[in-house]
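# Notes for the structure review
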Amino acid sequence: MSCPHRFRFVTVVLAAGLLGGIAAGRAVAEEPVLQEEESDIVRLSPVTPHRVLVHDEAGQHARDGRVYVVDADAGKLLGMVQAAYNANVVQDPGGKAFYVAETVWSRGNRGDRLDLLPAYDPQTLTITNDEVLPGRALVTPKQNDLAVSNDGKHVYVFSMVPTSAVHVVDTAAHKVTQTVDIPGCALIYPWGNSGFTSVCADGSLANVSLTGDHATVSHTAPFFDPEKDAVFEHSPTRRPDGKTWFISYTGLVYPASLSAGTKIEPAWSLQEAAGLERPPAGDAPFVKAWRPGGWHLSALHYATGHLFVLMHQGTFWTHKQAGTEVWELDVGTHKLIRRIPLRQPSMMVGVTQDASPLLFTGDKDGTFYVWNATTGKLLRQIHHLGDDLYYTVALGE
């Protein structure tokens, strides 16, 4: 290239660069000034019968356990709160608050242990009070580790620090008002406004009546043999009147009217209600039959007295095997209403307490299934809602 042409080319390039720089400068100058972000808190609508709490243990990473707030009608996750290390959750009967019993350590997985009972606002999911507990039972979550009185004035926390006891928490004063020792017994089956019952290792029940700061404990005679046919810890209780249906490993149902003077009625059989033969107990453990099993294996619809139980085919010691069907039974007539085949085996079953109840199950992948409890038809599902769905809590339970 000759010198004049080279000079002309360089001039054009420089001119283009200057024009580009000017254009870029204008573009920068014209960029809008970023506004300061203003944070806010989304407010959920008041609790409804079909807005449920779903407990996720997150067993492979338990410090990340959580409680989901789910709109079961829409099949939508509304929010979540942390529920660390084998936590439990219970809801005020009127939906004014829910409580999570959880445990943390000062250095993550070690250090000083702190047992807590935070109270959550159900519309903002913010903590309104963070009660420090004297201790609690740090075991795989069971719904009966944590309970609430029928008027919502007391939360009961089962503890094993250092021995079996129940801490009574005043929800207005936000403090533990008393601790009731229940040696040889465990868990909480609440009745009315001022009492609860615990199940004992010898097959009996301990009944605790609360009057002010005083507790009176009475015991029933043993009604089941814990060596041959124990009852499930997850048996359902109708809190307003304390009526409880203790379900045994073989499928016997023991109706009990819990109170200071608990009365236990004769047992009836789930299998006989379905027209099947009653299976033998632990002294013949290898007989295969339809049996109850799972984790939170039963739920009760209070108004109708319909009992929903996870069932599977197995031998005696398969009481933790996931259910392949849900059996719906009438606890008044001891009759089977229907058998609901599940798409996937479930370790949990739950039900809402309204006139148009929904039924809930889960699967090993954390999918949450919503069923019409009146017809037994599947309505919708939330794929992989969580990791380990253990149980649900509905308004009024």
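All figures in this text were calculated on a predicted structure; none of them were measured in a lab.

### Quick notes on the overall build of the protein
Helix and strand counts for the protein stand at two helices and 30 strands. Against the compact-globule benchmark of 21 Å for 397 residues, the protein has a radius of gyration of 28 Å, which places it well outside the compact range. Counting only C-alpha atoms and orienting by the principal axes, one finds that the protein spans roughly 115 × 50 × 40 Å. Buried positions account for 53% of the 397 residues belonging to the protein. Taking all contacts inside the protein whose residues are at least 6 apart in sequence as the whole, residues at least 24 apart take part in 46%. Put simply, the protein shows about 18300 Å² of open surface, and 54% of that area lies on carbon and sulfur atoms. Separation between the mean location of the 32 positive side-chain charges and that of the 42 negative ones in the protein comes to 5 Å.

### A word on the sheet that holds strand S2 (residues 66-71)
The strand order across the open sheet formed by four strands is S3-S2-S1-S30, and the pairing between neighbours is antiparallel. Two strands lie at the open edges of the sheet, namely strand S3 (76-82) and strand S30 (389-393), each paired on one side alone. Each adjacent strand pair in this sheet contributes to an overall mean axis angle of 25 degrees, direction not counted. Here strand S1 (residues 51-56) runs beside S30; their pairing, made up of four bridges, is antiparallel. The residue bridging Leu53 from the neighbouring strand is Val393, located in S30.

### Considerations on the state of the cysteines
Under the definition given, this model contains one disulfide. Across a sulfur-sulfur distance of 2.0 Å, Cys185 and Cys200 are joined as a disulfide pair. Here the S-S torsion is close to 90 degrees, and the disulfide linking Cys185 with Cys200 is therefore right-handed. Here the residue Cys185 occupies a position in strand S12 (residues 185-190), and Cys200 occupies one in strand S13 (residues 195-200), the gap between them amounting to 15 residues. Here Cys185 matches Cys200 in class, with each residue buried.

### Some points on the sheet that holds strand S27 (residues 358-362)
Spatially, four strands are ordered S26-S27-S28-S29 in an open sheet, and the strand pairing comes out antiparallel. Strands at the two margins of the open sheet, each flanked by one partner only, are strand S26 (349-351) and strand S29 (378-382). When the angles between neighbouring strand axes are averaged without regard to direction, this sheet yields 20 degrees. Pairing of S26 with S27 involves three bridges; the strand directions are antiparallel. Paired with Gly350 across the two strands is Phe360, which belongs to S27.

### Remarks on the pattern of salt bridges
For the structure on display, the rule yields nine salt bridges. With its nearest N and O atoms 3.4 Å apart, the salt bridge here joins Arg278 to Glu272. Looking at Arg278, the relative accessible area reads 38%, which means it is partly exposed. A residue is classified by how much of its surface remains accessible, and Glu272, at 42% relative accessible area, is partly exposed. In this structure, the salt-bridge partner of Arg339 is Glu325, at a minimum N-O distance of 2.9 Å. Placement of Arg339 in strand S25 (residues 335-346) and of Glu325 in strand S24 (residues 323-330) is noted, with a sequence separation of 14 residues between them.

### So, the packing of aromatic side chains
By the definition in use, this model includes 14 aromatic pairs. A centroid spacing of 5.2 Å and a plane angle of 65 degrees characterise the contact between Tyr189 and Phe246, whose relative ring orientation is edge-to-face. Here Tyr189, found in strand S12, pairs with Phe246, found in strand S17 (residues 243-247); they are 57 residues apart in sequence, far enough to count as distant. The pair Tyr189 / Phe246 is uniform in exposure class, with both members buried. Members of the aromatic cluster, joined through ring pairs, are Tyr189, Phe223, Phe224, Phe246 and Tyr254.

### As for the confidence of the model for the protein
Summary statistics for the protein give a mean pLDDT of 92 and a share of 93% for residues scoring 70 or more. Per-residue pLDDT stays below 50 along residues 1-27; that stretch engages in one contact with residues further than four places along the chain or on separate chains.

### Some thoughts on the nonpolar core
In this structure, Leu270, Val326 and Leu359 are the most contacted members of the largest nonpolar core, which totals 32 residues. Listing elements by their share of this core, those giving two or more residues are S17, helix H2 (270-273), strand S22 (298-301), strand S23 (306-314), S24, S25, S26 and strand S28 (368-372). Per-element accounting of this core gives the leading share, five residues, to S23. In contact with Leu359, other than residues within four places in its own chain, are Phe308, Val326, Ile340, Val349, Gly350, Val351, Tyr369, Val370, Trp371 and Ala373. In terms of nonpolar packing, the next biggest core, distinct from the first, is built from 28 residues, Ala137, Ala147, Tyr189 and Val231 among them.

What counts, and at which threshold
Residues numbered from 1 in each chain as written. Predicted model: local features only at pLDDT ≥ 70, side-chain atom pairs only at ≥ 80, totals over all residues. Heavy atoms only, no water. Helix = DSSP H or I, 4+ residues; strand = E, 2+ residues; numbered from the N terminus. Rg over C-alpha atoms; globule rule 2.2 N^0.38 Å. Buried < 20%, exposed > 50% of the residue type's maximum accessible area, 1.4 Å probe, protein only. Contact = heavy atoms within 4.5 Å. Areas by Shrake-Rupley, 256 points an atom, 1.4 Å probe, with all protein chains shown as cover. Lys, Arg positive; Asp, Glu negative; His and termini not counted. Charge placed at Lys NZ, Arg CZ, Asp CG, Glu CD. Pairing = 2+ DSSP bridges. Axes fitted to C-alpha atoms, helices over the stretch in contact; angles between N-to-C directions. Disulfide = S-S within 2.5 Å. Salt bridge = Lys/Arg side-chain N within 4 Å of Asp/Glu carboxyl O. Phe/Tyr/Trp six-rings, centres within 6.5 Å; stacked < 30°, edge-to-face > 60°. pLDDT = per-residue confidence, 0-100. Core = buried A, V, L, I, M, F, W, Y, C linked by side-chain atoms within 4.5 Å.

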